[in-house]
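These are the residues of each chain, in order.
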Amino acid sequence: MHQRQYNLVAIKEITNYLKTGFAAGKQDQDLEEIGIIQIRPTNVKEPERDLTFDRNVYIKSSEIKTRKSDLLQRNEVLFNNTNSQELVGKTTLFNLEGDYFCSNHMTRIVVNENADSVYLEIVLNLYQHLRVFYRMCVNWNNQSGVNTEMLRNIKIPLPPPEKQTEIANHISALRTQAKQLQQQAAAELAHAKQHVEHLILGVKNHDF
């Protein structure tokens, strides 16, 4: 069967901007955890690449006054530019309401009218899985990274916009189905554990 080939296009040709977040020391953080969450690589869940917020760093709310341009915008693609070599390149899509920042370990990418943000996120995660970024990484101080200029010049296959959307919708549907199956499996496992406890102990948890 003939496999369709798409033109390879540099990421810089399909984006409005690529820029990193900012570093935040202890003096910038809200240690009472009531400020603005700064998304870091630890907020990108493995292997799903969803955002998770069980371990957060908060920035003082007063920082908004001077950092309005650092607030994340919906449909930004967040690329993990610095991490262990194996994890550089893990990518997620930011699509949340409210105010969030991101750290300098993340690169913010906004696509132009020629690209679909979900499609780009899928391709970057595919490249990470195929160890493209692993081979590109620059290493220093026990960390590895792909800087903004390197990322701008990476070439990706680019189908027509309608095909990108079709691919994005298909993968999104598969991800939704996988999450539903995970939830179903977790519920069935919990039920099975309760059943085994009842068989062994002859009582339910609330009888203790």
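Anything mentioned here points back to the structure above.
This report concerns the structure included in the present document. (Residues numbered from 1 in each chain as written. Predicted model: local features only at pLDDT ≥ 70, side-chain atom pairs only at ≥ 80, totals over all residues. Heavy atoms only, no water.)

1. A few points about the layout of surface pockets
There is about 290 Å³ of room inside the largest pocket. Around the largest pocket, the lining comprises 15 residues; the ones closest to its centre are Asp50, Thr92, Leu93, Arg175 and Lys179. Taken together, the elements giving at least two residues each to the lining of the largest pocket come down to strand S7 (91-94), helix H1 (117-129) and helix H4 (161-201). Considering every element that reaches the lining of the largest pocket, the biggest residue donor is H4, with 4 residues. Residue composition of the lining of the largest pocket, grouped by class: 5 nonpolar, 4 polar and 6 charged. Taken as a whole, the second largest pocket holds about 230 Å³ of empty space. Lining the second largest pocket are Pro47, Glu48, Arg49, Asp50, Ile122, Asn125, Leu126, Ile171, Arg175, Ala178, Lys179 and Gln182. At the level of secondary structure, the elements contributing two or more residues to the lining of the second largest pocket comprise H1 and H4. (1 Å grid on protein atoms, 1.4 Å probe; cavity = no way out; pocket = protein on both sides within 12 Å on 5 of 7 lines; lining within 4 Å. Points joined across faces, edges and corners; volume = space filled by probe spheres on them. Helix = DSSP H or I, 4+ residues; strand = E, 2+ residues; numbered from the N terminus. Nonpolar A, V, L, I, M, F, W, Y, C, P; charged D, E, K, R; others polar.)

2. Describing the sheet that holds strand S4 (residues 58-59)
Taken in spatial order, the 3 strands make up an open sheet running S4-S3-S8, and their pairing is mixed. Sheet topology places S4 and strand S8 (101-102) at the edges, where each strand pairs with a single neighbour. Bridge count between strand S3 (residues 36-39) and S4: 2 bridges; the pairing is antiparallel. Counted as the bridge partner of isoleucine 37 is tyrosine 58 from S4. (Pairing = 2+ DSSP bridges.)

3. Concerning the sheet that holds strand S11 (residues 143-145)
Strands sit in the order S6-S11-S10 across an open sheet of 3 strands; the sheet is antiparallel. Strands with a single pairing partner mark the edges of an open sheet, and in this sheet they are strand S6 (82-83) and strand S10 (138-140). Here S10 runs beside S11; their pairing, made up of 3 bridges, is antiparallel. Opposite asparagine 139, over in S11, you have serine 144 as the bridge partner.

4. A short note on the packing of aromatic side chains
Summed over the entire model, instances satisfying the criterion amount to 5 aromatic pairs. Here the aromatic rings of phenylalanine 79 and phenylalanine 133 are separated by 5.0 Å at their centres, their planes lie at 75°, and the arrangement is edge-to-face. Of the two residues, phenylalanine 79 is situated in strand S5 (residues 76-80) and phenylalanine 133 in helix H2 (residues 132-136); the sequence distance between them amounts to 54 residues. Judged on exposure class, the residue phenylalanine 79 and its partner phenylalanine 133 are both buried. On the basis of relative accessible area, phenylalanine 133 is assigned to the buried category, the value being 0%. In textbook terms, an aromatic cluster arises when at least three aromatic residues are bridged by ring pairs, as seen for Phe53, Phe94 and Tyr100. Across the ring face of tyrosine 17, the terminal group of lysine 19 is positioned such that the distance to the ring centre comes to 5.0 Å. (Phe/Tyr/Trp six-rings, centres within 6.5 Å; stacked < 30°, edge-to-face > 60°. Buried < 20%, exposed > 50% of the residue type's maximum accessible area, 1.4 Å probe, protein only. Lys NZ or Arg CZ within 6 Å of the ring centre and 35° of its normal.)

5. Section: the environment of serine 61
For serine 61, the location among the structural elements is in the loop between S4 and S5. Overall, serine 61 belongs to the partly exposed group, its relative accessible area being 40%. Leave out the neighbours within four places in its chain, and serine 61 touches Ile34, Gly35 and Ile36. (Contact = heavy atoms within 4.5 Å.)

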